[in-house]
Amino acid sequence: MQRAGKLWELRDDIREGRSQKRLRAGTIKWIVKVGVNENKVMELDNKYNDINNHPWKLPHFWKGASLSKDMVEMCEEVHSLWQEGMLKRGRLEGELPNSVEVIPPSKIEYKSSLHKYVEEALSFLEDPEIRRIGIWGIVGTGKTTIMKYLNNHDNIDRMFDIVIWVTVPKEWSVVGFQQKIMDRLQLNMGSTTDTEKNTQIIFEELKKKKCLILLDEVCHLIELEKIIGVHDIQNCKVVLASRDRGICRDMDVDQLINVKPLSDDEALKMFKEKVGECINNIPKIIQVAQLLVKECWGLPLLVDKLAKTFKRRGRDIQCWRDGRRSLQIWLNKEGKDEVLELLEFCYNSLDSDAKKDCFLYCALYSEEPEIHIRCLLECWRLEGFIRNDGHEILSHLINVSLLESSGNKKSVKMNKVHRISLMDNELHSLPETPDCRDLLTLLLQRNENLIAIPKLFFTSMCCLRVLDLHGTGIKSLPSSLCNLIVLRGLYLNSCNHLVGLPTDIEALKQLEPYSESIRICFKLCFPGRVQY
């Protein structure tokens, strides 16, 4: 009974101690088996007690012999279930959504100026009467950093069963938004068209939990009541960050937090911390630094990027003065224009055309998705930007904050820079014959609703070198693909409906079969050509 008792405690720990979270089918099945086993154990225990209470009755003697065998078998079953349960508990964190998914901290390490906003948001979240909070301010003031601090804060982990982070893309959709929420909750989307059903699924799951939803970079009105049903969930709170105070008000926030630029002293302190001790005892450099930070308008994002650029100038006062003179900023501009102009200065400070070309190439990618480093380096090589592996350039772009590391060392992303991209745009169709004679790269990946490419679509793309169609719904490729005589990279990963390649594809002499999907297609069409 002692072993069985420990088994039941383990079962209760998994079932009741985590009752607010979803369990996978395998774990639920194990819990049911333990319940059946508990009934058997109790039945055997009753029989055992019955024999002990009447040992003089001869029939019980024969029953006792059979009972001993049953008890041995039951002990083995209890032990087996116990071992299985320990494995379940060990893997449980992989089965359940973590209460908080820690987000790598921002590159901006200076925290004291933002600490008061974090504390203010926490105090609002502790107030049972406040359910929605809006954090607003111009670009670069640190709104995303504040949101990250909130997401990772120990108090938040104690206050809520689950925290859901969503970065809202500029071209957002209801389906895409619901998908992010359901992915975090580990729910299967019922339908990509029945948004009302998806709303009900999300509502039924969220109402079981104390939930915090963090929405970053909101630039459109999001009707949360209609999309995820939060209006009727008492224990659900929302914090949204936006550049537009009007959007916060339209979304019926209970409290507003205005994130204001740093003071000159705060900005200088941050700048000195980012550059390092090399300038602390050089008054003339400090004087230049004071002039530089005044031109950052107190925006931490600009101070950070400018510090990273000037850190490379070392202790040479003349280099600092030259850099100061080359920094042309129009003081009458506000918000995003300042960011872009200072980014332009940092970009122009890159010391080679290869680094500039590699950075500009990243601007083709949409803002939210991370860029896989292996794929990015391969594209740089195919475009002719690099000859080596490119890691040195990649590290440099990260170090000067023109790219942002994702924290997993496998991907990077752009940091609030304009992009030109057709990926992730829910495209359903393409123009018949676009005139794109100078186009070098075309990224159409993850447009699942794109099922056909017009027959003459590639006719006027004679300079195209990289074509990414992975994750699209295409069933075939048009014969005009064979006009891309300088094409070097063709990506067809996860094109699950694609049945083959055009028969004339061997005309593409420069095409290199890098990805597994290309190898498979080539093997089907030309089994003797691809070597493994």
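Details of the structure are given in the entry above.
This text gives an overview of the structure that appears in the document. (Residues numbered from 1 in each chain as written. Predicted model: local features only at pLDDT ≥ 70, side-chain atom pairs only at ≥ 80, totals over all residues. Heavy atoms only, no water.)

**Observations regarding the pairing of strand β3 (residues 211-216)**
Where burial is concerned, most of β3 is hidden: six out of the six residues are buried. Of the two faces of β3, the one carrying Cys211, Ile213 and Leu215 and the one carrying Leu212, Leu214 and Asp216 are both buried. As judged from the six bridges shared by strand β2 (residues 162-167) and β3, these two strands associate in the parallel manner. Its bridge partner being in β3, Thr167 is matched across the sheet by Asp216. Examined bridge by bridge, β3 and strand β4 (residues 236-242) share five bridges and lie parallel to one another. Directly across from Cys211, in β4, lies its bridge partner Cys236. (Buried < 20%, exposed > 50% of the residue type's maximum accessible area, 1.4 Å probe, protein only. Helix = DSSP H or I, 4+ residues; strand = E, 2+ residues; numbered from the N terminus. Pairing = 2+ DSSP bridges.)

**Brief notes about the sheet that holds strand β8 (residues 411-414)**
If you trace the three strands from one edge of the open sheet to the other, you get β6-β8-β7, paired in antiparallel fashion. Sheet topology places β6 (371-372) and β7 (403-405) at the edges, where each strand pairs with a single neighbour. Note that β6 and β8 share two bridges and pair antiparallel. The residue of β8 that forms the bridge with Ile371 is Val412. Most of the contacts of helix α18 (residues 391-399) go to β7, to which it runs at about 95 degrees, and overall it touches β7 and β8. (Contact = heavy atoms within 4.5 Å. Axes fitted to C-alpha atoms, helices over the stretch in contact; angles between N-to-C directions.)

**Side note on the pattern of salt bridges**
Per the counting criterion, the structure on display carries 10 salt bridges. With a closest N to O distance of 3.6 Å, Lys208 and Glu205 form a salt bridge. Residue Glu205 is classed as buried on the basis of its relative accessible area of 4%. Salt-bridge contacts for Lys294 lead to Asp264; the nearest nitrogen and oxygen are separated by 3.1 Å. Separated by 30 residues along the polypeptide, Lys294 in helix α12 (residues 283-294) and Asp264 in helix α11 (residues 264-275) bring together distant segments of the chain. Look at Lys294 and you get partly exposed, because its relative accessible area is 48%. (Salt bridge = Lys/Arg side-chain N within 4 Å of Asp/Glu carboxyl O.)

**With respect to a nonpolar patch on the surface**
Together, Ile28, Val32 and Val36 make up an exposed nonpolar region whose accessible area comes to about 240 Å². By the element assignment, Ile28 lies in helix α2 (residues 25-53). (Patch = residues over 30% accessible without salt bridge, like charges linked within 9 Å, V, L, I, M, F, W, Y side chains within 5 Å. Areas by Shrake-Rupley, 256 points an atom, 1.4 Å probe, with all protein chains shown as cover.)

**Considering the sheet that holds strand β5 (residues 255-258)**
Note: strands within a sheet are paired through backbone hydrogen bonds, in either parallel or antiparallel orientation. On the basis of which strands lie adjacent, the open sheet formed by five strands has the order β2-β3-β4-β1-β5 and parallel pairing. Since the sheet does not close on itself, it has two edges, and those belong to β2 and β5, each with one partner. For this sheet, the mean inter-axis angle between neighbouring strands, taken without regard to orientation, is 15 degrees. As judged from the five bridges shared by strand β1 (residues 132-136) and β4, these two strands associate in the parallel manner. Counted as the bridge partner of Ile135 is Ala241 from β4. Sheet strands touched by helix α7 (residues 174-184): β2 and β3. Its angle to β2, the strand with the most contacts, is close to 150 degrees.

**Some details on α18**
Residues Ile393, Leu394, His396, Leu397 and Ile398 constitute the buried set of α18. Residues of α18 that are buried make contact with α16 (353-362), α17 (373-383), β7 and β8.

**Notes on the packing of α16 against α18**
Close contact between α16 and α18 brings their axes to 10 Å; oriented N to C, the two are set at 70 degrees. Considering their axes alone, α16 and α18 lie roughly perpendicular with respect to each other. Only Ile393, His396 and Leu397 of α18 make contact with α16, whose side of the interface consists of Ala354, Lys355, Cys358 and Phe359. For the contact of α16 with α18, the per-class residue count stands at five nonpolar, one polar and one charged. (Parallel < 35°, antiparallel > 145°, perpendicular 65-115°, else oblique. Nonpolar A, V, L, I, M, F, W, Y, C, P; charged D, E, K, R; others polar.)

**Describing a negative patch on the surface**
Judged by side-chain charge, Asp244, Asp250, Asp252 and Asp254 come together as a negatively charged surface patch. Along the polypeptide, Asp250 turns up in helix α10 (residues 245-250). Classification of Asp250 by relative accessible area gives partly exposed; the value is 49%. (Lys, Arg positive; Asp, Glu negative; His and termini not counted. Charge placed at Lys NZ, Arg CZ, Asp CG, Glu CD.)

**What to know about the packing of aromatic side chains**
In this structure the tally under the stated criterion is five aromatic pairs. Grouped by ring-pair contacts, the aromatic residues Phe271, Phe310 and Trp320 constitute a single cluster. Lying across the ring of Phe310, Arg313 places its NZ or CZ 4.9 Å from the centre. (Phe/Tyr/Trp six-rings, centres within 6.5 Å; stacked < 30°, edge-to-face > 60°. Lys NZ or Arg CZ within 6 Å of the ring centre and 35° of its normal.)

**A word on the side chain of Asn447**
As for its position among the elements, Asn447 is in the loop between β9 (441-443) and β10 (466-468). Classification of Asn447 as buried rests on a relative accessible area of 0%. Only 2.7 Å separates the side chain of Asn447 from the backbone oxygen of Leu444, close enough to count as a polar contact. (Polar contact = N/O pair within 3.5 Å; in protein donor to acceptor, adjacent residues only side chain to side chain.)

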